[in-house]
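Single-letter residue listing:
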Amino acid sequence: MGSANKSTSTARKARIEEMRRAEQARERRNRIAIIAASMVAVAGLVAGTVVLVQSQSDDSSTAADSKGAGHFVTGSDGVKTWKGTLGRTHVAKTVTYPMEPPVGGDHNQVWMNCNGDVYAKAVNNMNAVHSLEHGAVWVTYTSKASKADVDALAAKVKKTPYTLMSPDDKQKDPIMLSAWGHQRTVTSATDPNVDKFFEKFVQGEQTPEPGAACTNGLSQ
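Residues numbered from 1 in each chain as written. Predicted model: local features only at pLDDT ≥ 70, side-chain atom pairs only at ≥ 80, totals over all residues. Heavy atoms only, no water.

Next up on the list: the layout of surface pockets. Counted as a void, the largest pocket has a volume near 170 Å³. Together, 15 residues line the largest pocket, and Glu100, Val123, Asn125, Asp168 and Lys170 are the ones closest to its centre. Secondary structure elements with two or more residues in the lining of the largest pocket: helix 2 (125–133) and strand 7 (163–167). Residue classes in the lining of the largest pocket are distributed as 7 nonpolar, 4 polar and 4 charged. (1 Å grid on protein atoms, 1.4 Å probe; cavity = no way out; pocket = protein on both sides within 12 Å on 5 of 7 lines; lining within 4 Å. Points joined across faces, edges and corners; volume = space filled by probe spheres on them. Helix = DSSP H or I, 4+ residues; strand = E, 2+ residues; numbered from the N terminus. Nonpolar A, V, L, I, M, F, W, Y, C, P; charged D, E, K, R; others polar.)

Within helix 2, 9 of the 9 residues are buried, leaving the element largely enclosed by the surrounding structure. Of the positions making up helix 2, those classed as buried are Asn125, Met126, Asn127, Ala128, Val129, His130, Ser131, Leu132 and Glu133. For helix 2, the secondary structure elements touched by its buried residues are strand 4 (95–96), strand 6 (137–141), strand 7 and strand 8 (175–179). One side-chain oxygen at the N-terminal end of helix 2 lies 2.8 Å from the backbone nitrogen of Met126; it belongs to Asn124. Gly135 sits one or two residues past helix 2 and shows a positive phi near 100 degrees. (Buried < 20%, exposed > 50% of the residue type's maximum accessible area, 1.4 Å probe, protein only. Contact = heavy atoms within 4.5 Å. Polar contact = N/O pair within 3.5 Å; in protein donor to acceptor, adjacent residues only side chain to side chain.)

Moving on to the confidence of the model for the protein chain. On average, residues of the protein chain carry a pLDDT of 82, and 69% of them reach 70 or more. Scored below 50 in pLDDT, residues 40–62 makes 8 contacts in the model with residues more than four places away or belonging to other chains. (pLDDT = per-residue confidence, 0-100.)

Reading across from one edge, 2-3-9-8-6-7-5 is the order of the 7 strands in this open sheet, with mixed pairing throughout. The open sheet has two free edges, formed respectively by strand 2 (70–74) and strand 5 (115–118), since each of these has just one partner strand. Across this sheet, the average inter-strand angle for adjacent strands is 20 degrees, counted without regard to direction. When strand 8 meets strand 9 (residues 182–185), the two strands line up antiparallel, connected through 4 bridges. Looking at the pairing, Leu177 lines up with Arg184 of strand 9. Sheet contacts for helix 4 (residues 192–201): strand 6, strand 7, strand 8 and strand 9; angle to strand 8, the most-contacted strand, approximately 10 degrees. (Pairing = 2+ DSSP bridges. Axes fitted to C-alpha atoms, helices over the stretch in contact; angles between N-to-C directions.)

With that settled, the discussion passes to the pattern of salt bridges. This model, assessed by the stated rule, comprises 4 salt bridges. As a salt-bridge pair, Arg88 and Glu133 come within 2.8 Å of each other at their nearest N and O atoms. With a gap of 45 residues between them, Arg88 in the loop between strand 3 (80–84) and strand 4 and Glu133 in helix 2 connect regions that are remote in the sequence. On the accessibility criterion, Arg88 (41% relative accessible area) is partly exposed. (Salt bridge = Lys/Arg side-chain N within 4 Å of Asp/Glu carboxyl O.)

Glu100 connects to Pro101 through a cis peptide bond whose omega is -5 degrees. Counting through the fold element by element, Pro101 comes out in the loop between strand 4 and strand 5. Positive phi is not limited to glycine here, since Tyr162 has a value of about 60 degrees. Inspection of the secondary structure puts Tyr162 in the loop between helix 3 (147–158) and strand 7. Of note in this structure, Asn216 is not a glycine but carries a positive phi near 60 degrees. Topologically, Asn216 is positioned in the segment after helix 4. Residue Asn216 is classed as exposed on the basis of its relative accessible area of 74%.

This next bit is on the side chain of His134. One can find His134 in the loop between helix 2 and strand 6. In this structure the side chain of His134 is engaged in a polar contact, spanning 3.1 Å, whose partner is the side chain of His130. If we skip the residues at most four places from it in the chain, His134 touches Trp111, Tyr162, Gln203, Thr207, Glu209, Ala212 and Ala213.

Turning to its location among the elements, Asn127 is positioned in helix 2. Exposure remark for Asn127: the relative accessible area of 6% places this residue in the buried category. The residues contacting Asn127, other than those within four sequence positions of it, are Asn108, Val110, Trp111, Met112 and Leu218.

In structure tokens form, the structure reads like this:
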């Protein structure tokens, strides 16, 4: 009897030990699985972060080249018309345009206010191009333009919705007028071509987004 009890007790201890080892083995497997899952999750998060950061970097740091195939053709009226594709994608990156001032192309999602707004400093081309997309005429001038001409043009812009004006010392001529896909040089504020350009292109047929707002955008 004693031998039988001892044998039973030994077997029971063996089973308990076996169950303990099995339980420990399961716990080890669970820990390994949890650690592996955590590593996968962390790796996914890191990868996602890298992609997001790279994407944001691509959107904000890399210059976009808008020098697509195209060129200006000058009409008999002296207005230059861009013959080629002008992108209309909203981007956060800096865009390099094939003309100065630009007359279209990819641009910032925020427009410059163009409700007769006159800016004392140069504006960001990417915002101004968005204004052109809304049908605005953009008056630009260099330091070579006379103060009398600048003042007279500013007065005209201030009373004309869907126009804006700013200095641009990078442009070729002292006074230039730009609309989406169109541009011309004028000799002075009294040049009759100023009125002609305004009449034709302020919310003209060239406007990609007629009636879009020229307020609630960006202002200096």
